[in-house]
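# Residue-level structural notes
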Amino acid sequence: MQIDLFCIGKQDRQFFTLVEFYEQRIQHFANLKIYELEVKNIKDEVRRNQIENEKLAELIKKRQKKKYINLWACEPRGQSFSSEQMAAKIGHKKDTGQALGFVIGGSMGLNQKILEMCTEKLSFSEMTFPHQLFRVMLLEQIYRSLSIINGVPYHKA
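A short tour of the structure in this document, coming up.

The rules behind the values
- Every chain is numbered on its own, with residues counted from 1 as its sequence reads.
- pLDDT decides what is reported in this predicted model: residues at 70 or higher carry local features, side-chain atom pairs at 80 or more are listed and counted, and totals for whole chains, interfaces and linings draw on all residues regardless.
- Excluded from the side-chain calculations are hydrogens and water; all other atoms, namely the structure's heavy atoms, are used.
- Numbering of helices and strands starts at the N terminus; helices are DSSP runs of H or I of at least 4 residues and strands are runs of E of at least 2.
- When we talk radius of gyration, it's over C-alpha atoms, and the globule rule is simply 2.2 Å times the number of residues to the 0.38.
- Only protein chains enter the accessibility calculation, which uses a 1.4 Å probe; a residue is then buried when its area is under 20% of its type maximum, exposed when over 50%, and partly exposed in between.
- The contact criterion used is simple: two residues touch if any of their non-hydrogen atoms lie within 4.5 Å.
- Areas reported as accessible are Shrake-Rupley estimates using a 1.4 Å probe. Residue values count occlusion only from the protein chains shown.
- Think of it this way: Lys and Arg go in the positive column, Asp and Glu in the negative one, and His and the chain ends go nowhere.
- We put the charge of a Lys on NZ, of an Arg on CZ, of an Asp on CG and of a Glu on CD.
- Given a helix with a known number of residues, its expected span is that number minus one, times 1.5 Å.
- In these notes, a set of buried Ala, Val, Leu, Ile, Met, Phe, Trp, Tyr and Cys residues joined through side-chain atoms within 4.5 Å is what counts as a nonpolar core.
- Two strands pair under a simple rule: DSSP has to find at least two bridges between them.
- Whether a crossover is right-handed comes down to one check: with the strands pointing away from the viewer, does the path from the first strand over the helix to the second run clockwise; if it does, it is right-handed.
- Axis definition: a line fitted to C-alpha atoms, over the contacting stretch in the case of helices. Angles run 0 to 180 degrees between N-to-C directions.
- Between N or O atoms, a polar contact is any pair within 3.5 Å; within protein, one atom must be a potential hydrogen donor and the other a potential acceptor, and residues adjacent in sequence are included only when both atoms are from side chains.
- Only Phe, Tyr and Trp rings are paired, with Trp represented by its six-membered ring, and only when their centres lie within 6.5 Å; those with planes under 30 degrees apart are stacked, over 60 edge-to-face, the remainder tilted.
- Put simply, a charge is over a ring when the Lys NZ or the Arg CZ is close to the ring centre, within 6 Å, and near the line of the ring normal, within 35 degrees.

Moving on, we get to the overall build of the chain. The secondary structure content of the chain amounts to five helices and five strands. Ordering the α and β elements of the chain from the N terminus gives β-α-β-α-β-α-β-α-β-α. What you see for the chain is a C-alpha radius of gyration of 15 Å, in line with the 15 Å of a compact globule of 157 residues. Projected onto its principal axes, the C-alpha positions of the chain cover 50 × 35 × 25 Å. Here the chain holds 157 residues, and the buried ones make up 46% of them. Once local pairs closer than 6 in sequence are excluded, the contacts in the chain between residues at least 24 apart make up 82%. As displayed, the chain has an accessible area near 8,700 Å², and 49% of this comes from carbon and sulfur atoms. In the chain, the 24 positive side-chain charges and the 18 negative ones have mean positions that sit 5 Å from each other.

Here it is as structure tokens:
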């Protein structure tokens with residue numbers, strides 16, 4: 001199974017070890033590719049967010065030309081799932097040979113154009129999390145879902 005993670009912003013050093021930890025574990029079950037987009041040298045946060053979202057949309061479109069991807073936006077106003085429900089949804093994509101992509105926005109979130117490109121909107125909570133930490137949380141849940149699908153006891157720990 002192909003899983004793509006589209007992220008605005010580079011991973012900070014303090015979270016890098018955890019990201020790498022889950023990346024390695026996910027690779028046992030799926031091919032994971034992380035795309036990072038970062039726009040520098042623009043102090044106006046609104047303008048920077050606009051450019052980041054435009055570049056993110058271009059990147060996703062290029063990737064979708066190579067292989068259709070079901071995109072899930074990580075969005076506070078999205079739907080929440082239990083780990084088992086998320087595993088079932090990912091398992092269905094895996095069983096039907098579909099690729100899956102997750103989109104994590106920057107500090108100002110994803111714009112409407114990106115949200116409209118997504119087939120699902122996934123929320124972990126009504127709370128706000130730093131996108132660096134959220135990346136780790138998402139990777140952990142992807143790994144947990146793949147563990148459930150493959151009968152690995154990790155998800156019960």
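Turning next to helix α5 (residues 131–149). Over its 19 residues, α5 extends 26 Å from the first C-alpha to the last, a length consistent with the 27 Å expected when each residue adds 1.5 Å. Across the 19 residues that make up α5, a large majority, 14, are buried. Immediately beyond the C-terminal end of α5, within one or two residues, lies glycine 151, with a positive phi of roughly 75 degrees.

Core analysis: the largest hydrophobic core is formed by 26 residues, its most contacted members being Leu5, Ile26, Met86, Phe102, Leu138, Leu139 and Ile142. The leading source of residues in this core is α5, at seven residues. Setting aside chain neighbours within four positions, we find methionine 86 in contact with Trp72, Phe81, Phe102, Leu122, Leu138, Gln141, Ile142 and Ser145. By size, the runner-up hydrophobic cluster in this structure holds 17 residues, among which are Ile69, Leu71, Ala73 and Leu115.

Let's shift gears to the pairing of strand β2 (residues 31–37). By the bridge criterion, seven bridges tie strand β1 (residues 2–8) to β2 in an arrangement that is parallel. Considered in β2, the bridge of isoleucine 8 is made with leucine 37. In this fold, β1 hands off to helix α1 (residues 13–26), which returns the chain to β2; that crossover is right-handed.

This part covers the sheet that holds β1. What the five strands build is an open sheet, ordered β2-β1-β4-β3-β5; its pairing is parallel. In this open sheet, the two strands that pair with only one neighbour each are β2 and β5 (120–122). Averaged over all neighbouring strand pairs, the angle between strand axes comes to 30 degrees, with direction disregarded. As paired strands, β1 and strand β4 (residues 99–104) are joined by five bridges and run parallel to one another. Within β4, the residue paired with phenylalanine 6 across the bridge is valine 103. Sheet strands touched by α5: β1, β2, β3 (69–79), β4 and β5. Its angle to β1, the strand with the most contacts, is close to 170 degrees.

Attention now moves to the pairing of β1. For a regular strand, side chains alternate in direction, first toward one face of the sheet and then toward the other. For β1, the buried fraction is high: seven of the seven residues fall into the buried class. Residues of β1 alternate between two faces, with Gln2, Asp4, Phe6 and Ile8 on one and Ile3, Leu5 and Cys7 on the opposite face, all of them buried.

A separate point is the side chain of glutamate 75. Relative to the helices and strands, glutamate 75 resides in strand β3. You can call glutamate 75 buried: its relative accessible area is 6%. Side-chain polar atoms of glutamate 75 contact the side chain of arginine 77, separated by 2.6 Å. The contacts of glutamate 75, once residues within four sequence positions are left out, are Leu115, Lys121, Leu122 and Ser123.

All told, the structure shown has six aromatic pairs when counted by the stated rule. Ring geometry for phenylalanine 6 versus tyrosine 35: centroids 5.1 Å apart, planes at 10 degrees, classification stacked. Of the two residues, phenylalanine 6 is situated in strand β1 and tyrosine 35 in strand β2; the sequence distance between them amounts to 29 residues. Both residues of the pair, phenylalanine 6 and tyrosine 35, belong to the buried class. An aromatic cluster is defined as three or more aromatic residues linked by ring pairs; in this entry it consists of Phe21, Tyr22, Phe29 and Tyr143. One residue, lysine 33, lies across the ring of tyrosine 35, its end atom 5.2 Å from the ring centre.

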